[in-house]
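Survey of secondary and tertiary structure
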Amino acid sequence: MSISLRDALLKSLTTLQGIREFHLHALVSSPRKHLSLFPFSKPKCRSYVQDILILVSEQSTPDSPRILVTAIEACVYNVPSTSCAILYISKVDSTGQCTSPSPTATLVRALLLYYGDQATRPVAADHLWIQLFARAQSQYLFPNSADFSGKHPLRDVQLCGWWKRVFTDAALELESCSKGSMAPLIRLFYVLPGYSEIEAEHSLKPVNVARPVTHNYQWTYGHPYSQTEIPLPCPRNDINTDVPRNLGQFIPSFDDDPKSRFMDEIAYTTGPEGIKSPPRKRARASSSTTSHEEGHKLNAAVSNDGDDDGERRANHIEKDDRPLGELGKVSVDEFWERMSFRQECVAGAVTGFFALGATSSRNDPDERSAVSPLKPQPGQVSSKMNKRVITSLMTGVEFSTRERAIRATELIEGTIRGLCEGISVVPAPVIHAPRPRPPTSSSGRGLTNAEHDISLLAPPRTPPRMASGRRIVPDVSPNPFPEPETSLETYQSFIYGSVNISNPILQNKDALNENKATSTPPVTILTVRRKKKRQG
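Another aspect to go through is the packing of helix α10 (residues 383–395) against helix α11 (residues 402–421). It is at 10 Å that the axes of α10 and α11 come closest, and there the two elements cross at 160°. Judged by the inter-axis angle, α10 sits roughly antiparallel to α11. Pair α10 / α11 crosses with right-handed handedness. Contacts from Met385, Arg388, Val389, Ser392 and Leu393 in α10 reach Ile412, Ile416, Leu419 and Cys420 in α11. Classifying every residue of the contact of α10 with α11 gives seven nonpolar, one polar and one charged.

In terms of residue burial, strand β7 (residues 185–191) counts as a mostly covered element, since five of its seven residues are buried. Pairing of β7 with strand β11 (residues 352–359) involves seven bridges; the strand directions are antiparallel. Residue Ile186 lies in a different strand from β11, and its bridge partner there is Ala358. As judged from the two bridges shared by β7 and strand β8 (residues 220–221), these two strands associate in the parallel manner. When the sheet's bridge partners are listed, Phe189 is paired in β8 with Thr220.

Before going further, it helps to spend a moment on the packing of helix α2 (residues 104–116) against helix α3 (residues 156–177). Contact geometry for α2 and α3: axes closest at 9 Å, N-to-C directions at 45°. By the angle between their directions, the pair α2 and α3 is classed as oblique. As for the relative orientation of α2 and α3, their crossing is right-handed in sense. Touching Thr104, Ala105, Val108, Arg109, Leu112, Leu113 and Gly116 of α2 are Trp162, Trp163, Val166, Phe167, Asp169, Ala170, Glu173 and Leu174, all from α3.

The next thing to look at is helix α1 (residues 5–13). Counting buried residues in α1 gives seven out of nine residues, a clear majority hidden from the surface. Here α1 has its buried residues at Leu5, Arg6, Ala8, Leu9, Leu10, Ser12 and Leu13.

This part covers the nonpolar core. If you look at the biggest cluster of nonpolar residues, it comprises 94 residues, and the most contacted ones within it are Leu87, Trp163, Phe167 and Phe335. By residue number, the principal contributor to this core is α3, which donates nine residues. Not counting residues up to four positions away in its chain, the partners in contact with Leu87 are Ile52, Ala74, Cys75, Val76, Leu111, Leu112, Tyr115, Leu128, Trp129, Ile130 and Gln131.

A few words on the confidence of the model for the protein chain. Confidence in the prediction for the protein chain averages 78 pLDDT; 68% of positions are at 70 or higher. Counting contacts from residues 274–278, a segment whose pLDDT is below 50, to residues more than four positions away or on other chains yields eight contacts.

Now for the pairing of strand β3 (residues 47–59). Of all 13 residues making up β3, 13 are buried, and the element is well covered by its neighbours. Covered by surrounding structure in β3 are Ser47, Val49, Asp51, Leu53, Leu55, Ser57 and Gln59 together with Tyr48, Gln50, Ile52, Ile54, Val56 and Glu58, the residues of both alternating faces. Direction of pairing for strand β1 (residues 18–28) relative to β3: antiparallel, over a ladder of eight bridges. Within β3, the position partnered with His23 by the bridge is Ser57. Looking at chain direction, β3 and strand β4 (residues 67–79) are connected through eleven bridges and run antiparallel. By the bridge assignment, Val56 is partnered in β4 with Thr70.

The subject of this paragraph is unusual backbone geometry. Excluding glycine, a negative phi dihedral is what most residues carry, and trans is how most peptide bonds are arranged. The residue after Ser100, namely Pro101, is reached through a cis peptide bond having omega 0°. Structurally, Pro101 is set in the loop between β5 (84–94) and α2. Of note, the phi angle at Asn144 is positive, near 60°, even though the residue is not glycine. With respect to the helices, strands and loops of the structure, Asn144 is situated in the loop between β6 (127–134) and α3. Accessibility expressed as a relative area gives 21% for Asn144, which makes it partly exposed. The phi dihedral of Asp256 is positive, around 55°, even though this residue is not glycine. Considering the arrangement of structural elements, one finds Asp256 in the loop between β8 and α5 (258–267). Among the residues examined, Asp256 registers a relative accessible area of 16% and is labelled buried.

Moving on to the pattern of salt bridges. A side chain of one charge can pair with a side chain of the opposite charge when the charged atoms of the two come close. Evaluated as defined, the whole model comprises 17 salt bridges. In this structure, Lys91 engages Asp256 in a salt bridge whose closest nitrogen and oxygen atoms are separated by 3.9 Å. Of this pair, Lys91 sits in strand β5 while Asp256 is found in the loop between β8 and α5, placing the two residues 165 residues apart along the sequence. Through salt bridges with shared partners, a single ionic network connects Glu73, Lys91 and Asp256.

You can see Val56 is positioned in strand β3. On the basis of relative accessibility, which here comes to 0%, the residue Val56 falls in the buried class. The sequence separation of Val56 and Glu413 amounts to 357 residues, and the corresponding C-alpha distance is 9.9 Å. Apart from residues lying up to four places away in sequence, Val56 is in contact with Phe22, His23, Leu24, Ile67, Leu68, Val69, Thr70 and Leu107.

Taken as a whole and assessed by the stated rule, the structure comprises 19 aromatic pairs. Centroid distance Trp162 to Trp163: 4.9 Å. Interplanar angle 80°. Geometry classified as edge-to-face. Pair check on accessibility: Trp162 and Trp163 agree, each one buried. The structure contains a cluster of three or more aromatic residues connected by ring pairs, namely Trp162, Trp163, Phe167, Tyr190, Trp219, Tyr221 and Phe354.

Cut-offs used in this document
- Residues numbered from 1 in each chain as written.
- Predicted model: local features only at pLDDT ≥ 70, side-chain atom pairs only at ≥ 80, totals over all residues.
- Heavy atoms only, no water.
- Axes fitted to C-alpha atoms, helices over the stretch in contact; angles between N-to-C directions.
- Helix = DSSP H or I, 4+ residues; strand = E, 2+ residues; numbered from the N terminus.
- Parallel < 35°, antiparallel > 145°, perpendicular 65-115°, else oblique.
- Left-handed = near helix turned anticlockwise from the far one by under 90°.
- Contact = heavy atoms within 4.5 Å.
- Nonpolar A, V, L, I, M, F, W, Y, C, P; charged D, E, K, R; others polar.
- Buried < 20%, exposed > 50% of the residue type's maximum accessible area, 1.4 Å probe, protein only.
- Pairing = 2+ DSSP bridges.
- Core = buried A, V, L, I, M, F, W, Y, C linked by side-chain atoms within 4.5 Å.
- pLDDT = per-residue confidence, 0-100.
- Salt bridge = Lys/Arg side-chain N within 4 Å of Asp/Glu carboxyl O.
- Phe/Tyr/Trp six-rings, centres within 6.5 Å; stacked < 30°, edge-to-face > 60°.

Written out as structure tokens, the structure is:
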């Protein structure tokens, strides 16, 4: 059996500098059916999803309390028909209350390597795509952590450069740990909406000047849906091979992703008037004569020959195979070109889409067909438990001060252990933090009410998907495997783990060069040369 996710993350933490102890909780839900990854593909793409939640707390001394410092939320999608998997990094956040250096980058890189390496990947897939949408915010998973004075979230350009460096390090390490015939083919892609390739490289150059990319892993500026080296997750239509693939078979849909919102608009837009409203229902006739006439029509329809019935069925199938809205008319290149004009991508801040593709072949191709993709693996938890922990983290606690962060850490870690032991955990009371003071601008003046309201606006969220005016109901077909039952043994063997580190603090030249490069460049003030007057 390969190494577990908890052990892989703990092993990566041992390389950090300093003297401290880390406590890690890794929650991975059991697979469940998921038909919303490619909701507009026909026939439907059958996929399976798993939720991932990683929480890390730090303890500076044996007598000091634990404090949560890093959280990662992700999803793994498995498409057995194409032997593809997608690791989508949803949110990464820190409280700003850890000792330097922060473990966030190390944990994210270890997560990418765990699923990127064929030897440790727990999903039976030969091809892996890692995708994320980078958008700078003051807080993601730790409520009110932005009010803590020690937290310094990265700005938009810095965040995009940080993700590009993390992806590059993961690709280089994947190549180094897989040599010979098992070495994977790796490709890197990124897009900054609204920026050309030259503008994007110029914007990120100060951030990544200390970490140059080798010639083997030059980034491709653009989307990954036109290349043919690494297979795409959505399968082709085997029945009608002559029908070209539409946009709904290329772009996957994730939660809180601007691509998903744009896909919905394209799918349900049929003309210049915008999204088409559902058709009106015909009024029901109350007279008995109308019912009598409808009965005659029904009998006449039943008495038709089989040829007419088969023709109607063929026309209905042909109509169902057509893509919704404008999905069949908008190409992939046009989709990404129009993404540059979306408000949430160009609203005054730099955002970025990053993708890593890796492909390799297994030694035994029949290995993945012997195990059902729905079968739970040891150490996995139910999706309800994962959702309950996230809900408690997002609504029951807050991290604006050190004291509140300590209390929140005790409640969240106690909730996880209590759920594993089957103990009913008392819900934590909602703590209302004091209203933050209005921020000030760089010039020192206070922001106006309009500017203050804009700075506190919540990011857009994907509304529930609709079809013909009705909300789409997810697939609720029965799972042949029961939900995994957690126990104290599961908690101690797969979920919780701790590691003590005692490494000397070294002066990292790359870090010093990076800080020097990202600092504000000196401003040279030019003086006006006065023209000398001629003496007459």
